[in-house]
Amino acid sequence: MGSNRKTAPAWAVVAAAGLLIAGCGVTNTGAGGGTGGDDGRPFYEGKEINLIVPFDAGGASDTYSRMLARYLSQHIEGRPEIIVENVPGGAQKDGINRFERTEHDGLNLAMSSGALVTATKFDKEGIQFDLAGYEALVGFGGTMIIFGSTQAGINSLQDLKDPTIPIFYGGLELNASEAVRTFALEEMGLARFEPLMGYDGGGAITAAVMRGELTIGNSTSTHYLQNVKQLEDEGSIVPLMTQGYVVDGRVVRDPAFPDLPTIPEAYETLTGKKPEGIGWETYTALTAAQTNLLRTYWIHGDAPEEARVALRTAVEKLVADEEFNGEAVKLLGVHSPPQVGDEVKASIDRILQLPPASVTWVEDYLARTTA
């Protein structure tokens, strides 16, 4: 184990051990087949997989990954144990750098968010890996919700254009991921629009909206359902739009919020114009990385073929597992649409193969906005 390995707190280790106990000690029920080695035994029989999660123990991504590991183990021929290793730091780069340094033997996997995918294009400092050399096994989506304060006079989408209301929008950091949202809000012609960055999470943004510091804010769908929805029910918050998902190159509504327009739909409603041009093309490309790939699980692309075949087969069973999906919804409060095979590859390629014009657009937008 490398010296930079960071271990989970004792309670998390105990919890993980419990999960592992539930998933191990069961002999393989498969009949060999395409994923076996020369001796006919399944590749993963009697082996252990290390899954690197580049976040602190106890958070949503860590908890989700530990739950996923338990189910994934059951679907892999040979039923290997899957150990979760937390390697936080460096905006996920520390964890994925460690993944790069591990043996490419099929016994090491990693998880990342869409922000890490976007960082490989716009925030390369500290990156010691190339995502093009990895295979994404499965990606789970999760959208972003823009919501407004009723106390500030925002009760509907149309209120965003009231010239008497200054629209202060809150976010974490004006990076490439946030740039497409602020760009889109600016394009809607919001009254006296001003983005304010530096908040350290969805909770801080929600609190700022509630105390009148911000007019509108954003959060992940899970955070919204678990922490903001009660404010909506009380009448203090109104949901306005979602960032949406990208399907077949089009931004579509989040199935968890079918009545909420996507940001491009909101733009069309407020301006009467179709979203067109390099800015909106870049919005779609980055949205594919951010929301389609909120949680993505990787294996080295040069890992043994029998390992990758076994895992591809396992994730197809995983995403169809009703018990897994039920527990995921219970954990997150919302269904995270999965992508496998060509679908997840297409979402990744949208950012890895981003046209130079879009790269230049993002760089120019950030330089202009932060000047």
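Residue positions are given per chain, counting from 1 as you read along its sequence in written order. Owing to the predicted nature of the model, reporting of local features is limited to residues with pLDDT of at least 70; listing and counting of side-chain atom pairs is limited to 80 or more, with chain, interface and lining totals taken over all residues. For the side-chain quantities, the full set of heavy atoms in the structure was used; hydrogens and water were omitted.

Caption draft 1: Up close: the packing of aromatic side chains. Only Phe, Tyr and Trp rings are paired, with Trp represented by its six-membered ring, and only when their centres lie within 6.5 Å; those with planes under 30 degrees apart are stacked, over 60 edge-to-face, the remainder tilted. With the rule as written, the count across this model stands at 18 aromatic pairs. Residues phenylalanine 140 and tyrosine 297 carry aromatic rings whose centres are separated by 6.4 Å and whose planes lie at 75° to one another, so their mutual orientation is edge-to-face. Of the two residues, phenylalanine 140 is situated in strand 4 (residues 134-140) and tyrosine 297 in strand 12 (residues 295-300); the sequence distance between them amounts to 157 residues. Buried means the residue's accessible area, taken with a 1.4 Å probe over protein chains only, is under 20% of the maximum for its type, while exposed means over 50%, and partly exposed covers the values in between. A residue is classified by how much of its surface remains accessible, and phenylalanine 140, at 2% relative accessible area, is buried. What links up through ring pairs into an aromatic cluster is the set Phe183, Tyr267, Trp280, Tyr283, Trp361 and Tyr365. The criterion is that NZ of a Lys, or CZ of an Arg, lies within 6 Å of the ring centre and within 35 degrees of the ring normal, and then a charge sits over that ring. Sitting over the ring of phenylalanine 43, lysine 47 keeps its end group 3.8 Å from the ring centre. Its guanidinium or amino end placed over the ring of tyrosine 64, arginine 295 lies 5.3 Å from that ring's centre, counting from NZ or CZ. We count a stretch as a helix when DSSP gives it H or I for four or more residues in a row; a strand needs E for two or more, and each element gets its number in order from the N terminus.

Caption draft 2: Layout of the packing of helix 9 (residues 278-290) against helix 12 (residues 341-352). One way to put it is that helix 9 packs onto helix 12 with a least axis distance of 8 Å and a crossing angle of 130°. One finds that helix 9 runs oblique with respect to helix 12. Classified by chirality, the crossing of helix 12 by helix 9 is left-handed. Each of Thr284, Ala285, Leu286, Ala288 and Ala289 in helix 9 lies in contact with helix 12, whose residues at this interface are Ser347, Arg350 and Ile351. Just so you know the grouping, Ala, Val, Leu, Ile, Met, Phe, Trp, Tyr, Cys and Pro go in nonpolar, Asp, Glu, Lys and Arg go in charged, and all remaining residues, Gly too, go in polar. Partitioning the contact of helix 9 with helix 12 into residue classes produces 5 nonpolar, 2 polar and 1 charged. Axis geometry follows a simple rule: fit a line to the C-alpha atoms, using only the stretch in contact for helices, then measure angles between N-to-C directions, giving values from 0 to 180 degrees. An angle below 35 degrees is read as roughly parallel, one above 145 as roughly antiparallel, one from 65 to 115 as roughly perpendicular, and any other as oblique. Rotating anticlockwise by less than a right angle from the far helix to the near helix defines a left-handed crossing, while the corresponding clockwise rotation defines a right-handed one. Residue contacts are counted whenever heavy atoms from the two residues lie within 4.5 Å of one another.

Caption draft 3: Just unusual backbone geometry, in detail. Phi at arginine 79 takes a positive value of approximately 45°, unusual for a residue other than glycine. With respect to the secondary-structure elements, arginine 79 resides in the loop between helix 2 (60-75) and strand 2 (81-86). A positive phi is found at glutamine 92, a non-glycine position, where the angle reads about 80°. Of note, glutamine 92 is situated in the loop between strand 2 and helix 3 (93-101).

Caption draft 4: Highlighting the pattern of salt bridges. Salt bridges, as used here, are contacts in which a Lys or Arg side-chain nitrogen is within 4 Å of a carboxyl oxygen on Asp or Glu. As enumerated under the stated definition, the model contains 15 salt bridges in all. As a salt-bridge pair, lysine 274 and glutamate 268 come within 3.1 Å of each other at their nearest N and O atoms. We classify lysine 274 as exposed; its relative accessible area is 55%. Overall, the relative accessible area of 31% leaves glutamate 268 in the partly exposed class. A single salt-bridge network, built from bridges that share partners, covers Glu135, Glu305, Arg308 and Arg312.

Caption draft 5: View of the nonpolar core. Residues enter a nonpolar core if they are buried and are Ala, Val, Leu, Ile, Met, Phe, Trp, Tyr or Cys, with the set joined through side-chain atoms within 4.5 Å. Leu160, Met188, Leu190, Ile216 and Met241 are the most contacted members of the largest nonpolar core, which totals 55 residues. Note: domain ranges come from an automatic or database domain assignment. Of the domains in this structure, domain 1 (48-140 + 294-360) and domain 2 (144-289) are the two that each give at least three residues to this core. If near-sequence neighbours (up to four positions away) are discounted, methionine 241 is found in contact with Met144, Ile145, Ile146, Leu157, Leu160, Leu185, Met188, Leu260, Pro261, Thr262, Ile263 and Ala266. Within the second largest apolar cluster, 32 residues are counted, among which are Tyr44, Val53, Ala310 and Ala314.

Caption draft 6: Representation of the layout of surface pockets. Its boundaries defined by the atoms lining it, the largest pocket holds a volume of some 1,400 Å³. Breaking the lining of the largest pocket down by element, the ones donating at least two residues are helix 2, helix 4 (114-122), helix 5 (176-187), helix 6 (202-210), strand 8 (216-220), helix 7 (221-234) and helix 13 (356-370). Looking at the lining of the largest pocket, the element that brings in the most residues is helix 4, giving 7 residues. A class-by-class count of the residues in the lining of the largest pocket yields 14 nonpolar, 18 polar and 10 charged. Mapping the lining of the largest pocket onto the domain boundaries places at least three of its residues in each of domain 1 (48-140 + 294-360) and domain 2 (144-289). Grid points spaced at 1 Å over the protein atoms alone were grouped into cavities, where a 1.4 Å probe fits but cannot get out, and pockets, open sets with protein on both sides within 12 Å along at least five of seven lines, with lining residues defined by an atom within 4 Å of a point. Grid points are joined across faces, edges and corners, and a volume is the space filled by probe spheres set on the points.

Caption draft 7: Broad picture of helix 5. Spanning 12 residues, helix 5 covers 17 Å between terminal C-alpha atoms, matching the ideal 16 Å at 1.5 Å per step. Counting buried residues in helix 5 gives 10 out of 12 residues, a clear majority hidden from the surface. For helix 5, the complete set of buried residues consists of Ala176, Ser177, Glu178, Ala179, Val180, Arg181, Thr182, Phe183, Ala184 and Leu185. Each polar contact in these results corresponds to two N or O atoms within 3.5 Å; when the atoms are within protein, one needs to be able to donate a hydrogen and the other to accept it, and residues that are neighboring in sequence are counted only if both atoms are side-chain atoms. Its side-chain oxygen at 3.2 Å from the backbone nitrogen of serine 177, asparagine 175 defines the N-terminal cap of helix 5. A positive backbone phi angle near 75° is found at glycine 189, which sits one or two residues after helix 5. Any helix carries an expected span of 1.5 Å times its number of residues minus one.

Caption draft 8: Quick peek at empty space enclosed by the protein. Counted according to the given criterion, the structure contains 4 cavities of 30 Å³ or more. One number sums up the size of the second largest cavity: a volume of about 60 Å³. What lines the second largest cavity is simply Leu51, Leu68, Leu72, Leu109, Leu137, Val138, Tyr297, Val315 and Leu318. When residues of the lining of the second largest cavity are traced back to their parent elements, those giving at least two are helix 2, strand 4 and helix 10 (305-319).

Fair warning: the whole summary comes from geometry, so function is off the table for now.
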